[in-house]
Amino acid sequence: MNIYKDSNYSTVERVENLLSLMTFEEKIAQMSAQWLLLDSNGNHADRELEMASDYERPTVEQRLRHGLGQITRPLGTHSVSAKEGVEALNQLQKYLVEETRLGIPAMSHEECLVGLMAKDATLFPSSLNYGHTWNPELMQLIGECIREEVKQVGAHQGLAPVLDVSRDVRWGRTEETLGEDPYHVGVLATKYVQGLQSEKRDVLATLKHYVGHSFSEGARNHAPVNLGFKELNDTFLLPFEMAVKLGKARSVMPAYHDIDGEACHASQFLLTEVLRNQWGFDGLIVADYGGVDLLAAHHHLAEDSVGAAALAFNAGLDIELPDDACASKLALAVENKLISLDKIDEIVRRILTVKFELGLFENPYADSHAIELNSQKTQAVAYQAALESITLLENDGTLPLTKETTLGVVGATVDDHLALLGGYSFPVHLILSNSEDHSKVAPTLLDTLSATFDSVIYEKGCDILTERHANAPVFPGDVDMALGQQMESPVSKDASGIASAIAKVSSADVLLVCVGDLAGLFQTGTVGEGSDTDSLDLPGVQQQLIDQALATNKPVVILVTGGRPYNLGGAEEKAAAVIFGWAPGQEGAQAIVDILVGAKSPSGRLTLSIPKNVGAIPYFYNHKLKSSGTPIAYHFGSKYSFGYGLTYTTFDYQSMLLASKEVPMGGTIQVSVVVENTGAVAGDEVVQLYVRDKLASVVRPVRELKGFKKVSVAAGDKVHVEFHLPTDMLNLTDSSHRRVVEPGEFEIMIGRSSKDIVFTDTVVVTGEKYVLPTYWNMECDVTITACD
């Protein structure tokens, strides 16, 4: 009896019934994905695979006849309208539901870190912009907006958010991170998960890249990570733990690298022991693209893809993405006794459970006539995210400008709409496949400046890249490809147009110099996945553009956009103002210009410290004391540290109060402060709570963020900000690899940034050493009340 088709039965009953009916081939199909160019008439074509080492594929029909676990990026793979893409996806589902023996529909996944990665979808700011907002509520709203577009195109899983904690800003994927503090990352990522999944959990958020991906050797893509478990747990696992336990994330993606010789895709400890057994994760673990095959091809942990498949699925993997290069070899793995039939049943049981809980059997199709991408609502949220992320580092009073100002504008990013986008936006992603769609997707800075100021004089001055196309080895570990690569860097070294450009704009009242980088995967840009760097100097000759603008003795405003911080060669001290806009998305130009003219006040705060120079890397505010060297190295440190940012007003901190200077283990530390807007305009302040463990059994950071709140205060008004910090959050990982809280003295600090601490006091936590339970208090609540 096929009770699995009857929704009146429980999920458990339906799963067990369906599992009992499945052949071995049908089970393996559920553990697999296919990456196809879908066609609404059913003429689905193969997409060229860069990931597999020697995979000979059967025909599309042969691969689909036993069913399918997932379809890979049906709309995000090529430039197709949403309506056409959904119709093609529905056609595939119709085949699976009506023409395969058991009629099991496939899940569809898309990338969605900076919005649904599909043609005409809303182009949200980069993840790095999200972090600079310091606004968890906005983060949830962003997730909700992306959810709407993901669901409209029939996707059931989004490959986001990224929870990698930034540790070395040379890493190309810095633009995908939320910042360098694990608690801050955990809070924002959890809110994104809650927004994307909703309480229904009918879209799977995918936590990536599990884990430690951002602390690779030399900040190189896929490079090994050398960490002990204590540091791994306290810094890199914490955000994932928060998103699993608080956000109830339904999917996790392992990272490509190895940690101390243990590849993440083959780590039973990370994928099963920590994630499922210790944290109670109840979702699906999906491979990063090609990650299973790399266990053999690059890590050399298996002789071939047969052994690689056994390693990954035994460790805890559920579905191989983006294809079935290794999963298709599981029959051989069973024959060779590398994996058991019971293990395969266990995995398929999890996959079917999620499919039933998603309602996929009852509703396998999407409505191609009910698609509204890039709506006014999502545009408004994208604008707000861009606005709140823009970070003002310097201002001598030149900003804000009046619209009557004659503005001279130079720079390679001024008239390039792609300069405002992150690497995981659809137009940038297309570059990798040499299938650019040259249609304009967003207003450029020049468009918006010209529409706002009475007089704008523009000259480009220089380029960042001489050309943009897919030309590099996909994986830096492909030795033969790398040795045969004779290409030179496409970063432009041509400074011949700078002098004439500066001469043309020098009659203006104020010069706006727009510099930065261009996102592009695998060296199609200067930042992004696989586009790592060896310097914090601006790419190409852009520093010369700044220097020659400063030599005019006109007020110079420097606008930096892109996916990592840069040093400006001392120009920070000479410019009238310095603004970092990061990669603010389709509404970014309007948000930047609104701040330039004072229609809005800047409120972004750094979530990445900007190292003094490349020699200071890795630098992050929450370092250990001895990180600075002995004696302290001259090149160590950061001028602009985590939490820093200016506004168009000023704030005064008053009356810090600890409710009690002794708090019992398991209690709550209550600390409050009054914040007054002492300027002439309304503004937003980010009040930050830091802690230092004064005596511990293991070496601790000099300070750690434990609470924060973005508050809007009218000119002349005051607000009372009270933090409720559970002592659970004072935990560390001890020598037995347990999260524990040790009694003793803790320094409590409230400040404007990690460097600008206004008030400091000490609280004593009393009691015995406390081993945290599975579900411990992971968040610091903050309440805001108006002052009379």
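Not measured: the values here are computed from a predicted model.

Quick look at the overall build of the protein chain
A tally of regular secondary structure across the protein chain gives 21 helices and 31 strands. Relative to the globule expectation of 28 Å for 788 residues, the C-alpha radius of gyration of the protein chain, 26 Å, shows essentially globular dimensions. Of the roughly 27900 Å² that the protein chain leaves accessible, carbon and sulfur atoms contribute 47%. In the protein chain, the 63 positive side-chain charges and the 104 negative ones have mean positions that sit 3 Å from each other.

Concerning the sheet that holds strand E30 (residues 770–771)
Reading across from one edge, E26-E27-E30 is the order of the three strands in this open sheet, with antiparallel pairing throughout. One side of each edge strand has no neighbouring strand; the edge strands of this open sheet are strand E26 (732–733) and E30. Here E26 runs beside strand E27 (residues 739–741); their pairing, made up of two bridges, is antiparallel. Paired with Thr733 across the strands is Arg739, a residue of E27.

Some details on the pairing of strand E17 (residues 577–582)
Across the six residues that make up E17, a large majority, six, are buried. By the bridge criterion, four bridges tie strand E12 (residues 391–395) to E17 in an arrangement that is antiparallel. Of the residues in E17, the one forming a bridge with Asn395 is Ala577. Sheet topology places strand E16 (residues 556–561) next to E17; five bridges connect them, and they run parallel. Directly across from Leu559, in E17, lies its bridge partner Ile579.

Examining empty space enclosed by the protein
This structure, assessed with the given rule, holds five cavities of 30 Å³ or more. If you add up the space inside the largest cavity, you get close to 170 Å³. Around the largest cavity, the lining comprises 16 residues; the ones closest to its centre are Asp234, Leu238, Glu704, Lys706 and Met729. Contributing elements (two or more residues each) for the lining of the largest cavity: helix H7 (182–197), helix H8 (229–245) and strand E24 (704–713). Shared between two domains, the lining of the largest cavity takes at least three residues from each, and those domains are domain 1 (3–358) and domain 3 (651–786).

Side note on the side chain of Arg14
Among the secondary structure elements, Arg14 is positioned in helix H1 (residues 11–21). Judged by relative accessible area, Arg14 falls into the buried class, the value being 4%. Polar contacts involving the side chain of Arg14 include one to the side chain of Glu362, which spans 2.6 Å.

Digging into the pattern of salt bridges
In total, this model carries 39 salt bridges according to the counting rule given. The shortest N-O distance in the salt bridge between Arg349 and Glu16 comes to 2.6 Å. Taken together, the residues span a long stretch of sequence, with Arg349 in helix H13 (residues 341–357) and Glu16 in helix H1 at a distance of 333 residues. If you follow the salt bridges from partner to partner, you end up with Asp234, Glu241, Lys245, Arg700, Glu704 and Arg739 in one network.

Side note on the packing of aromatic side chains
In total, this model carries 16 aromatic pairs according to the counting rule given. A centroid spacing of 6.5 Å and a plane angle of 85° characterise the contact between Phe215 and Phe620, whose relative ring orientation is edge-to-face. A residue pair is termed long-range when its members are at least 10 positions apart, and Phe215 in the loop between strand E7 (204–210) and H8 and Phe620 in the loop between strand E18 (610–611) and strand E19 (638–640) qualify at 405 residues. On the basis of relative accessible area, Phe215 is assigned to the partly exposed category, the value being 22%. Here Phe356 and Phe361 contribute two aromatic rings whose centre-to-centre distance is 4.2 Å and whose plane-to-plane angle is 15°, an arrangement assigned as stacked. Here Phe361 falls in the buried class, since its relative accessible area comes to 16%. In this arrangement the basic side chain of Arg47 is found over the ring face of Trp35, its NZ or CZ atom lying 3.8 Å from the centre. Its guanidinium or amino end placed over the ring of Tyr775, Lys245 lies 5.7 Å from that ring's centre, counting from NZ or CZ.

Section: H1
Turning to H1, its buried residues are Arg14, Val15, Asn17, Leu18 and Leu19. Looking at the buried residues of H1, the elements they touch are helix H2 (24–30) and H13.

A word on the packing of H1 against H13
Axis separation between H1 and H13 bottoms out at 9 Å; the angle between their running directions is 130°. Judged by the angle between their axes, H1 and H13 are oblique. At the point where H1 passes H13, the crossing takes the right-handed sense. The residues of H13 that touch H1, namely those facing Thr11, Arg14, Val15, Glu16, Leu18 and Leu19, are Asp345, Val348, Arg349, Leu352, Thr353, Phe356 and Glu357. For the contact of H1 with H13, the per-class residue count stands at six nonpolar, two polar and five charged.

Section: the environment of Lys718
Tracing the sequence through the fold places Lys718 in strand E25 (residues 718–726). The class for Lys718 is partly exposed, based on a relative accessible area of 32%. Contact partners of Lys718, with chain neighbours within four places excluded, come to Gln654, Val674, Val675, Glu676, Val713, Ala786 and Cys787.

Some details on the domain arrangement of the protein chain
Domain parsing of the protein chain yields domain 1 (3–358), domain 2 (390–472 + 490–640) and domain 3 (651–786). Taken over C-alpha atoms, the centre of domain 2 sits 34 Å from the centre of domain 3. Carbon and sulfur atoms make up 51% of the area that domain 2 and domain 3 hide from each other, which totals about 990 Å². Of all residues in domain 2, Arg605, Tyr621 and Lys624 give up the largest surface area on contact with domain 3, accounting jointly for 54% of the area buried on that side. At the surface where domain 2 touches domain 3, the tally comes to one salt bridge.

Some words on the pairing of strand E29 (residues 757–766)
Note that strand E21 (residues 662–664) and E29 share three bridges and pair parallel. Residue pairing for E29: Pro664 is matched across the bridge by Thr766. Sheet topology note: the strand E28 (residues 744–751)/E29 ladder contains eight bridges and is antiparallel. Across the sheet, Met749 pairs through a bridge with Thr760, a residue of E29. Once E28 ends, the chain turns through five residues before running back antiparallel as E29.

Looking at the UniProt feature "domain: Fibronectin type III-like" (unreviewed entry) in the protein chain
UniProt feature "domain: Fibronectin type III-like" (unreviewed entry): in the numbering of this structure it lies at residues 685–754. In residues 685–754, helix accounts for 0% and strand for 59%; the two terminal C-alpha atoms are 14 Å from one another.

Considerations on helix H9 (residues 268–278)
An α-helical turn contains 3.6 residues, so any two residues separated by three or four positions project in the same direction. Those residues of H9 not exposed but buried are Leu270, Leu271, Thr272, Val274, Leu275 and Arg276. Two residues or fewer after H9 comes Gly280, characterised by a positive phi angle close to 80°.

Concerning the sheet that holds strand E22 (residues 668–677)
Pairing in this open sheet of four strands is antiparallel, and the strands run E20-E22-E25-E31 from one edge to the other. Of all strands in the sheet, those bounded by a partner on one side alone are strand E20 (651–658) and strand E31 (781–786). Shown here is a sheet whose adjacent strand axes are inclined to one another by a mean of 20°, direction ignored. Where E25 and E31 come together, six bridges link them in antiparallel fashion. Looking at E31, one finds that Glu722 is bridged to Thr783.

Analysis parameters
Residues numbered from 1 in each chain as written. Predicted model: local features only at pLDDT ≥ 70, side-chain atom pairs only at ≥ 80, totals over all residues. Heavy atoms only, no water. Helix = DSSP H or I, 4+ residues; strand = E, 2+ residues; numbered from the N terminus. Rg over C-alpha atoms; globule rule 2.2 N^0.38 Å. Areas by Shrake-Rupley, 256 points an atom, 1.4 Å probe, with all protein chains shown as cover. Lys, Arg positive; Asp, Glu negative; His and termini not counted. Charge placed at Lys NZ, Arg CZ, Asp CG, Glu CD. Pairing = 2+ DSSP bridges. Buried < 20%, exposed > 50% of the residue type's maximum accessible area, 1.4 Å probe, protein only. 1 Å grid on protein atoms, 1.4 Å probe; cavity = no way out; pocket = protein on both sides within 12 Å on 5 of 7 lines; lining within 4 Å. Points joined across faces, edges and corners; volume = space filled by probe spheres on them. Domains from an automatic or database assignment. Polar contact = N/O pair within 3.5 Å; in protein donor to acceptor, adjacent residues only side chain to side chain. Salt bridge = Lys/Arg side-chain N within 4 Å of Asp/Glu carboxyl O. Phe/Tyr/Trp six-rings, centres within 6.5 Å; stacked < 30°, edge-to-face > 60°. Lys NZ or Arg CZ within 6 Å of the ring centre and 35° of its normal. Contact = heavy atoms within 4.5 Å. Axes fitted to C-alpha atoms, helices over the stretch in contact; angles between N-to-C directions. Parallel < 35°, antiparallel > 145°, perpendicular 65-115°, else oblique. Left-handed = near helix turned anticlockwise from the far one by under 90°. Nonpolar A, V, L, I, M, F, W, Y, C, P; charged D, E, K, R; others polar. Buried area = accessible area lost by both parts, 1.4 Å probe. UniProt positions renumbered as here; feature names shortened; annotations may be inferred.

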